[in-house]
Amino acid sequence: MDDGEFLDKLRAALGEGGVTADPADLEPWLTDWRGRVTGNALALVSPRNAGEVQAVVRLAAAAGIPIVPQGGNTGMVAGGVPRPGDRAIVLSLRKMNAIRGIDAGDNSLVAEAGVILSEVHRAAEEVGRRFPLSLAAKGSATIGGLVSTNAGGTQVLRFGPMRSLILGIEAVLPDGSLFEGLSSLRKDNRGYDLRQLLAGAEGTLGIVTAASLKLVPAAPHRIVAWLGLGSAYDALSGLRALEGAVGDAVESFELVPANALALVLKHIPDTRAPLRSDHDWHVLVEMRTSGDVAMLRTIAETALATLLEDGLIADAAIAESEAQAEAFWKLRETISEAERIDGTGAKHDVSVPVSAMPGFIESTAPQVEAEFPGCRVIAFGHLGDGNVHFNVQPPKDAAPGWVAETGVLVSRFVHDRVREVGGSLSAEHGIGQLKLEEFARLAEPARLAAMRSIKHALDPKGIMNPGKLVPLANPGENS
């Protein structure tokens, strides 16, 4: 069928307001959050339930039209937008925004793909539970996107990434069938785990329409502290010492260099330095309990005093109120925003073994700055799980095309260093469009072959988010 007939069939299936084809209306949905990629699409479709998603997929499969699923479009690798020149449709899950159920006795919650993360937090809190995944984009990131990218965030140290918090998934597969896997069973030994296959698949194997999520008991009391120290090595030693003192109450341990803090203080309104003196490195640590917060505070203060005496930290400030705790978190969560305001750069979301993270940062940063004179490294991240946001700013006099030219060489250099220590070029943001070529270069052949086989088996027509995540054997097939 031609494009006009295809769009007419979509309108008939979705009804009033379900299909948008006007170029002006489409424009906001075609560019990724970082502004790196602007693609093309025939239309934006907005189904209201899983049945309508099935109808869209069946029509697209019959017409050979690719589908690009999109949640909150807060991703960092352009996985939720079409490619330039694509003849595709963008399928928005935003209208599927119901929380279908919550069971405090089962510690589970079922949310549709378009539900915003902050709404899941609120719903869990209302029944005395919590969903222990949080990130800076919690006010716009959607559950479907978080599942499809296996999102990480600031509490992976204790609870793991999104995959570890998924009990079940409902998804429309490439042939239009519905995988009804929302059961919250903790034990289910029926062969291949399709939930885990769909999680992190970036919409290349199907469209996630809902998920059963694992809740944990509420821990309303928290201790938030900001530490100043001299090296990333001291930070790791401090983490292990703190864990020894307070156990798994430590939920977040965020490493922040002085230059990242300086950017936030420069560009983000209503921020100020938590400590009176300057330090090369900082750590934001959060500890939570459902019990005696006064006891936790006493233990934490004693542990921090020991770290001061041992020289592992040089200074510390413990938040005296919720407002101050939020102010500390604002310094960490707005680093990416401050970087974006400050200018472009080559950004790397990488992971290395936790024990290797301090050495990786402290050795690789000067190597990059020596190899690419005038560049400046800003490396921060989740120390407890080895996730480094290793970002490289260009020289102040860099040409406008620096990212597309020199930035590519910088990324290759950084990723090669990551490979040397047994790490990954993607820790929590996925592959999308922006890392596809590097993934093909660095991944082991067996991994790529298995991924291609799975993709072909489930999506033989190649209509599900093409050109994302899976590097095809023939590069021409990705275009």
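All figures in this text were calculated on a predicted structure; none of them were measured in a lab.

Visitor: Any chance you could explain the side chain of asparagine 391 here in plain terms?
Guide: Here asparagine 391 is to be found in strand β18 (residues 387-393). Take asparagine 391: its relative accessible area is 6%, and that puts it in the buried class. At a separation of 3.2 Å, a polar atom in the side chain of asparagine 391 contacts the main-chain amide nitrogen of histidine 348. Leaving out residues up to four positions away in the same chain, asparagine 391 has contacts with Glu339, Ala346, Lys347, His348, Arg376, Val377, Ile378 and Phe380.

Visitor: Any chance you could explain a nonpolar patch on the surface here in plain terms?
Guide: On the surface, a cluster of nonpolar side chains totalling about 480 Å² of accessible area is made up of Tyr192, Leu194, Leu197, Ile454 and Leu458. For the nonpolar patch, the secondary-structure elements that each account for two or more residues are α7 (194-198) and α16 (445-458). Locating leucine 194 in the fold gives a position in helix α7. The partly exposed category is assigned to leucine 194, whose relative accessible area is 37%.

Visitor: What is the right way to look at the UniProt feature "domain: FAD-binding PCMH-type" (unreviewed entry) in the protein chain in this model?
Guide: Under the UniProt annotation, "domain: FAD-binding PCMH-type" (unreviewed entry) lies at residues 37-218. The span residues 37-218 carries 21% helix and 24% strand; its end-to-end C-alpha distance comes to 40 Å.

Visitor: Would you mind going over the packing of helix α8 (residues 232-246) against helix α13 (residues 357-371) with me for this structure?
Guide: If you want to describe how two helices pack, look at the angle between their axes and the distance between the axes. Packing of α8 against α13 brings their axes to within 8 Å, and their N-to-C directions diverge by 170 degrees. In terms of orientation, α8 and α13 fall into the roughly antiparallel class. Counting all contacts with α8, which are made through Ala232, Tyr233 and Leu236, the residues of α13 involved are Pro358, Gly359 and Glu362. Of the residues assigned to the contact of α8 with α13, the class counts are four nonpolar, one polar and one charged.

Visitor: I would appreciate a short explanation of the nonpolar core in the present structure.
Guide: Here is a general trend for soluble globular proteins: nonpolar side chains tend to be buried in one another's company. Of all hydrophobic cores here, the largest spans 49 residues; its most connected members are Met287 and Phe390. Residue contributions to this core peak at six residues, all from α8. Three or more residues apiece are contributed to this core by two domains, here domain 3 (221-331) and domain 4 (343-420). The residues contacting methionine 287, other than those within four sequence positions of it, are His221, Arg222, Ile223, Leu242, Val246, Ala249, Val250, Leu296 and Ala300.

Visitor: How should the sheet that holds strand β5 (residues 99-103) be read in this particular structure?
Guide: Backbone hydrogen bonds hold the strands of a sheet together, and the pairing may be parallel or antiparallel. The strand order β5-β6-β10-β8-β9 describes an open sheet built from five strands, whose pairing is antiparallel. Two strands in the sheet have a free side with no partner beyond their single neighbour: β5 and β9 (178-181). Across this sheet, the average inter-strand angle for adjacent strands is 15 degrees, counted without regard to direction. Sheet analysis places β5 next to strand β6 (residues 108-112), joined by four bridges and oriented antiparallel. Directly across from aspartate 103, in β6, lies its bridge partner serine 108. Contacts from helix α4 (residues 117-126) reach β5, β6 and β10 (207-214) within the one sheet, and its direction differs from that of β5 by about 35 degrees.

So, how was this worked out
- In this convention, every chain numbers its residues from 1, walking through the sequence in written order.
- Side-chain atom pairs in this predicted model are given and counted only at pLDDT of 80 or more, local residue features only at pLDDT of at least 70, and totals for whole chains, interfaces and linings cover all residues.
- Computation of side-chain values: all heavy atoms of the structure, hydrogens and water removed.
- For the purposes of this entry, the term helix denotes a DSSP run of H or I that reaches at least four residues, the term strand denotes a run of E that reaches at least two, and both are numbered from the N terminus.
- Exposure is judged per residue with a 1.4 Å probe applied to protein chains only, and the accessible area is read against the type maximum: over 50% gives exposed, under 20% gives buried, and values in between give partly exposed.
- Within 3.5 Å is the distance limit for a polar contact, defined as a pair of N or O atoms, with the added protein rule that one can donate a hydrogen and the other accept it, and that residues adjacent in sequence qualify only through two side-chain atoms.
- Throughout, a residue-residue contact means that at least one pair of heavy atoms, one from each residue, lies within 4.5 Å.
- Distance thresholds for patches are 9 Å for like charges and 5 Å for nonpolar side chains (Val, Leu, Ile, Met, Phe, Trp, Tyr), applied to residues having over 30% relative accessible area and no salt bridge.
- Here the accessible surface of atoms and residues is derived via Shrake-Rupley with a 1.4 Å probe, and residues count as covered only by protein chains that are part of the display.
- The term salt bridge refers to a side-chain nitrogen of Lys or Arg lying within 4 Å of a carboxyl oxygen of Asp or Glu.
- UniProt positions are given in the numbering used here, feature names are shortened, and annotations may be inferred rather than shown by experiment.
- Lines fitted to C-alpha atoms define the axes, with helix axes restricted to the stretch in contact, and inter-axis angles between N-to-C directions lie between 0 and 180 degrees.
- Under this scheme an angle from 65 to 115 degrees is roughly perpendicular, one under 35 degrees roughly parallel, and one over 145 degrees roughly antiparallel; angles in between are oblique.
- When residues are sorted by character, Ala, Val, Leu, Ile, Met, Phe, Trp, Tyr, Cys and Pro go into the nonpolar class, Asp, Glu, Lys and Arg into the charged class, and all the rest, Gly among them, into the polar class.
- By nonpolar core we mean a set of buried residues, namely Ala, Val, Leu, Ile, Met, Phe, Trp, Tyr and Cys, connected to one another through side-chain atoms within 4.5 Å.
- For every domain, the bounds stem from an assignment made automatically or drawn from a database.
- We treat two strands as partners when DSSP finds at least two bridges between them.

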